[in-house]
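A look at the structure
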Amino acid sequence: MRLLFILICLCCFSCTSKKNVKNPAQVLALEKRVRPVHDTIGFTKYNWQLDSIYNRLGIKDSKNKMQWKAAISPHDDYKYAGRLYYESLKGINANTIILIGVAHRARNFKLQDKIIFGDFTHWQSPYGDLKVSDLNAEIMAQLPKSTYLVHNDMQELEHSLEAIVPFLHRKNKNLQIIPILVPYINYETIDSISNVFSDVVAKILKQKHLIYGKDVAVVISNDAVHYGNEEWSGDLAPFGVDDEGTKKARALDMEIIEKCLVNEMNTEKVKNFTEYTVKNTNYKEYNWVWCGRYSVPFGVSFANKLNQALYNKPLTGTFLGYASSIDHELIKVEDLGMGTTAIATQQHWVGYASIKFE
């Protein structure tokens, strides 16, 4: 009898233990997977670096009650564009940010025609590991498989979102992100995927009683014109590299902003933007060199359609500022262990646009 009792107890213990053991897929899902910082030259790796940059720029940051729904921010070296990051993001105060970034190296991985997610649980930030929102997985679960893919290598090598993260995380330690990259995509596919994406996100926000602008916002990463004839992969100076050429290049950037990205938004403006920046004979080639030639139209289209789905009205874009890597006094960052990833001269410069959407 005693032996029988022991055998019964062992059997019960074994059954109970099996119920408590998670399968490998469950264990993997619980593992912390941190996306590391890629660019430690142009951007900050430590919180004291960004704090120092704020001090050197004379930025007196304070809490505000603004609830911008979306914004376009630069992603170039902080030495060049530091102040415009702050101006672009100061009204983004939601706890969850859908980040729409450039996929600079999409060609390396032959990525096109789909938006790119990752399955990292966190991103490394100067202010501690930053959580990727659980909404990231929920959105993917509801999107058609034909519209997206998961590609951690692309997300890990891309700098256009990690540039923005420290500015957002510095002011909101409760921040969570949904990082998405946009590779080569033509206008028709941008329009199609942004339709589906906005429908899915609108449904989730309604179900969870989340408010667009207050709880969830969109930030779009972009640098404007890349201009000059030195240290580019070709001559990018159709107007020449003298003062007049620089003036004309800047004027064209402002024309694009005024015609495509401000006032009441609509699909025609988004399409017009792609016609300015992408060749109509080959959507993989630049017409006018904005590296956000896909992230901007997709991000703006999605953000606008989301507002229409939730509130039955379009967003309004407001111009906040424009700068370039050569039109203002630069702050010193070298003593902070930072630097620049490219030269800034009249033969090689980059423009930056700052726009909010409400």
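Residues numbered from 1 in each chain as written. Predicted model: local features only at pLDDT ≥ 70, side-chain atom pairs only at ≥ 80, totals over all residues. Heavy atoms only, no water.

1. Regarding the packing of helix H11 (residues 267–277) against helix H12 (residues 295–311)
Between H11 and H12, the least distance of the axes is 9 Å, while the angle of their chain directions is 175°. Here H11 lies roughly antiparallel to H12, going by the angle between them. Along the contact surface, H11 presents Thr267, Val270, Phe273 and Thr274, while H12 presents Val296, Pro297, Val300, Ser301 and Lys305. Here the residues of the contact of H11 with H12 sort into five nonpolar, three polar and one charged. (Axes fitted to C-alpha atoms, helices over the stretch in contact; angles between N-to-C directions. Helix = DSSP H or I, 4+ residues; strand = E, 2+ residues; numbered from the N terminus. Parallel < 35°, antiparallel > 145°, perpendicular 65-115°, else oblique. Contact = heavy atoms within 4.5 Å. Nonpolar A, V, L, I, M, F, W, Y, C, P; charged D, E, K, R; others polar.)

2. Let's talk about empty space enclosed by the protein
Applying the stated criterion across every chain yields a total of two cavities of 30 Å³ or more. Of the pockets and cavities examined, the largest cavity occupies roughly 50 Å³. Around the largest cavity sit Arg35, Val37, Thr44, Trp123, Gln124, Ser125, Pro126, Glu162, Val165 and Pro166, which together line it. A per-class count over the lining of the largest cavity returns five nonpolar, three polar and two charged. Taken as a whole, the second largest cavity holds about 40 Å³ of empty space. Forming the boundary of the second largest cavity are Ile98, Leu135, Ile139, Ile178, Val201, Ile204, Leu205 and Val216. Mapped onto the lining of the second largest cavity, the elements with two or more residues apiece are helix H6 (135–142) and helix H9 (187–208). Of the residues forming the lining of the second largest cavity, the biggest block, three residues, is contributed by H9. Looking at the lining of the second largest cavity, its residues break down into eight nonpolar, no polar and no charged. (1 Å grid on protein atoms, 1.4 Å probe; cavity = no way out; pocket = protein on both sides within 12 Å on 5 of 7 lines; lining within 4 Å. Points joined across faces, edges and corners; volume = space filled by probe spheres on them.)

3. Remarks on unusual backbone geometry
A positive phi angle, near 55°, is found at Lys110, a position not held by glycine. For Lys110, the position within the fold is in the loop between helix H5 (106–109) and strand E4 (115–117). Overall, the relative accessible area of 77% leaves Lys110 in the exposed class. The backbone of Asp113 sits at a positive phi, close to 70°, despite the residue not being glycine. (Buried < 20%, exposed > 50% of the residue type's maximum accessible area, 1.4 Å probe, protein only.)

4. Considerations on the layout of surface pockets
In this structure, the largest pocket spans a volume of roughly 1100 Å³. Lining the largest pocket are 42 residues, with His104, His226, Trp232, Tyr286 and Cys291 sitting closest to its centre. Elements that contribute at least two residues to the lining of the largest pocket include exactly H5, strand E13 (282–286) and strand E15 (348–357). By residue class, the composition of the lining of the largest pocket is 19 nonpolar, twelve polar and eleven charged. Taken as a whole, the second largest pocket holds about 320 Å³ of empty space. Lining of the second largest pocket is provided by 17 residues; of these, Lys63, Asn64, Asn93, Lys171 and Asn172 occupy positions nearest its centre. Listing elements by their share of the lining of the second largest pocket, those giving two or more residues are helix H4 (78–89) and helix H8 (165–171). In the lining of the second largest pocket, the residues fall into eight nonpolar, five polar and four charged.

5. A word on the packing of aromatic side chains
Enumeration according to the criterion identifies 15 aromatic pairs in this entry. The interplanar angle of 5° and the centroid separation of 6.2 Å between the aromatic rings of Tyr46 and Trp48 together place this pair among those described as stacked. Note on Trp48: relative accessible area 42%, which makes it partly exposed. Ring plane angle 50° and centroid distance 5.9 Å describe the contact between Phe239 and Trp288, whose orientation is recorded as tilted. With Phe239 in the loop between strand E10 (226–228) and helix H10 (243–260) and Trp288 in the loop between E13 and H12, the pair connects residues that are 49 residues apart, well separated along the chain. (Phe/Tyr/Trp six-rings, centres within 6.5 Å; stacked < 30°, edge-to-face > 60°.)

6. Some points on the packing of helix H3 (residues 47–57) against H4
Relative placement of two packed helices is described by the angle separating their axes and the distance separating the axes. Contact pair H3 / H4: the axes reach a minimum separation of 11 Å and the direction vectors enclose 80°. Here H3 is positioned roughly perpendicular relative to H4, judged by the angle of their axes. Where H3 approaches H4, its residues Leu50, Ile53, Tyr54 and Leu57 are matched on the opposing element by Tyr78, Gly82, Arg83 and Tyr86.

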